[in-house]
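Structure at a glance
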Amino acid sequence: MHDIVRGNRADIDAAGSAMVAFPRLDVDAGAPCSTTGAEMEIHQLRTFVAVAREGSITRASERLYLSQPAVSAHIKAIEETLGLTLFERTARGMILTVDGQRLLAKTEQTLGAHRELIEEATRIKGRLTGKLRIGGGSNSSSEPVGRLLMGLSERCPEVEVVLQHGTSLDILDGIRNGSLDAGFYNEPGAPDADLKTIDVASFAIYLAAPRGLVDIAQPPDWQALGEYPWIYPTCGQSCCGQAAENLFRRYQFRPRKTIGIDRESVTRTLIAGGVGIGLLHANTATQAQENNEVDILCQAHESIRVLFAFLASRENDPLLDTASSILTGEQA
């Protein structure tokens, strides 16, 4: 059962839907204005915010894991309920009208109030339920992820945990657009101020080459290394990509050819196969060296932080508070 909120009164809908009541304005020329209750589903409001932020039905459907017809139906239902046109449909996408812009902030406040209501009810009940969507960086340490999942299973058996894998940039995008509640990512610098973060691990980055390609007894000849293909993530601000760029600046060279790969397992395979030289996290580099797959040439970056992060605005969320306590070793 979900709550229905109408003004200051909360009821339970027999259909089990969470709904919000808005005043509806009916205008007839020469007649006084009157209002009637205009109700809409909470998930329709979430759809409105997603389309407004993404500017696209397609991207909003991907973010919400809904079909495009379902997203379009939600927007149509809201517009019909309110009697307002909220979006201008253009070749460039969905653009908020003036009315839509005015309602967007109110809608986000309503969703925030709904979330706080659920959180407070959870505290009153004294047990945690619901769903927690966690992003696991595909190139991040797996130990903190496993520790969190085991801890949640023990402390919160009624909570459904969904683990989604992606790059660090994918995880941060998911946290900010609401498709993830929290996630693990690699941070080569300082985290942004809109995030609440917990350090859970760290690692170094090493430059590796196919076995026997260069003389590892000698200091690296950077100009000669630049003649080989370099394998590292070339899109976005990845830790290995930044480590490579730092080497290029420090030693004043650029490779003749780069191969953009954002999966470390693929990078390792390509280096071992003689395709080129590349950057590997410490554990992967050590394993590959012990298996006689690669030679380690040098340390490219001393320490990359692995962070567990979520929006600072959700710091009081009971589920995220419990997840944080598991990772920091505190008692719930």
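Per chain, residue numbering runs from 1 following the sequence as it is written. For a predicted model such as this one, the threshold for reporting local features is a pLDDT of at least 70, and the threshold for listing and counting side-chain atom pairs is 80 or more; totals across whole chains, interfaces and linings nevertheless cover every residue. To get the side-chain values, all heavy atoms of the structure are used, and hydrogens and water are removed first.

Focus on the overall build of the protein chain
Runs of H or I in DSSP of at least four residues are treated as helices and runs of E of at least two as strands, each being numbered from the N terminus. Each helix and strand in the protein chain was counted, giving 11 helices and 14 strands. Exposure classes here rest on a 1.4 Å probe applied to the protein chains alone. A residue is buried below 20% of its type maximum, exposed above 50%, and partly exposed in between. For the protein chain, the proportion of its 332 residues judged to be buried stands at 44%. For the protein chain, long-range pairs separated by at least 24 residues make up 67% of all intrachain contacts whose partners lie at least 6 apart in sequence. Each accessible area is a Shrake-Rupley result for a 1.4 Å probe, and residues are judged covered by the shown protein chains and nothing else. Working note: accessible area of the protein chain is about 17700 Å², and carbon and sulfur atoms make up 49% of it. Throughout, a residue-residue contact means that at least one pair of heavy atoms, one from each residue, lies within 4.5 Å.

Some words on the packing of aromatic side chains
Aromatic contacts are taken between Phe, Tyr and Trp rings whose centres are within 6.5 Å, Trp giving its six-membered ring; a plane angle under 30 degrees counts as stacked, one over 60 as edge-to-face, and the others as tilted. Evaluated as defined, the whole model comprises nine aromatic pairs. Taken together through their ring pairs, the aromatic side chains of W222, W230, Y232, F248, Y251 and F253 make up a single cluster.

Brief notes about the sheet that holds strand β11 (residues 229-232)
Strand pairing is defined by DSSP finding a minimum of two bridges between the two strands. With mixed pairing, the eight strands of this open sheet are ordered in space as β8-β7-β9-β14-β10-β13-β11-β12. Both outer strands of the open sheet, β8 (159-166) and β12 (257-260), are each paired with one neighbouring strand and no more. Strand-to-strand, the axes of this sheet are offset by a mean angle of 25 degrees, without reference to chain direction. For strand β10 (residues 195-210) and strand β14 (residues 294-311), the ladder comprises 14 bridges, and the chain directions are antiparallel. Each bridged residue has a counterpart across the sheet, and for P210 the counterpart in β14 is V294. To get an axis, a line is fitted to the C-alpha atoms, and for a helix only the part in contact is used. The angle between two axes follows their N-to-C directions and goes from 0 to 180 degrees. Across the face of the sheet, helix α9 (residues 264-272) comes into contact with β10, β11, β13 (277-281) and β14 while running at roughly 140 degrees to β13. Against the sheet, helix α10 (residues 282-290) makes contact with β10, β13 and β14, and its axis sits at roughly 115 degrees relative to β13, the strand it touches most.

Side note on the confidence of the model for the protein chain
pLDDT runs from 0 to 100 and stands for how confident the predictor is about each residue. On average, residues of the protein chain score 83 in pLDDT, and 85% of them are at 70 or above. This model gives residues 1-17 a pLDDT under 50, and the stretch forms 30 contacts once residues within four places in sequence are excluded. Low pLDDT, under 50, characterises residues 21-37; the predicted model gives this stretch 24 contacts beyond four residues in sequence or across chains.

What about the environment of P219?
Inspection of the secondary structure assignment puts P219 in the loop between β10 and α7 (222-225). Along the backbone, P219 and C298 are 79 residues apart, and their C-alpha atoms lie at a distance of 8.8 Å.

Considering the pattern of salt bridges
Whenever Lys or Arg places a side-chain nitrogen within 4 Å of a carboxyl oxygen from Asp or Glu, that contact is recorded as a salt bridge. Scanning all chains against the criterion turns up 15 salt bridges. Taking the shortest distance from any N to any O, the salt bridge between K196 and E315 comes out at 3.6 Å. A residue pair is termed long-range when its members are at least 10 positions apart, and K196 in strand β10 and E315 in the loop between β14 and α11 (318-328) qualify at 119 residues. The exposure class of K196 is partly exposed, given its relative accessible area of 33%.

Let's talk about the packing of helix α1 (residues 42-54) against helix α3 (residues 68-82)
Running from amino to carboxyl end, α1 crosses α3 at an angle of 105 degrees, the nearest separation of the two axes being 9 Å. In terms of their interaxial angle, α1 and α3 are classed as roughly perpendicular. Counted together, H43, Q44, L45, T47, F48 and V51 of α1 and V71, H74, I75, A77 and I78 of α3 form the full contact between these two elements. Residues are grouped as follows: Ala, Val, Leu, Ile, Met, Phe, Trp, Tyr, Cys and Pro are nonpolar; Asp, Glu, Lys and Arg are charged; every other residue, Gly included, is polar. Split into classes, the residues belonging to the contact of α1 with α3 amount to seven nonpolar, four polar and no charged. The scheme is simple: roughly parallel for angles under 35 degrees, roughly antiparallel for over 145, roughly perpendicular for 65 to 115, oblique for anything else.

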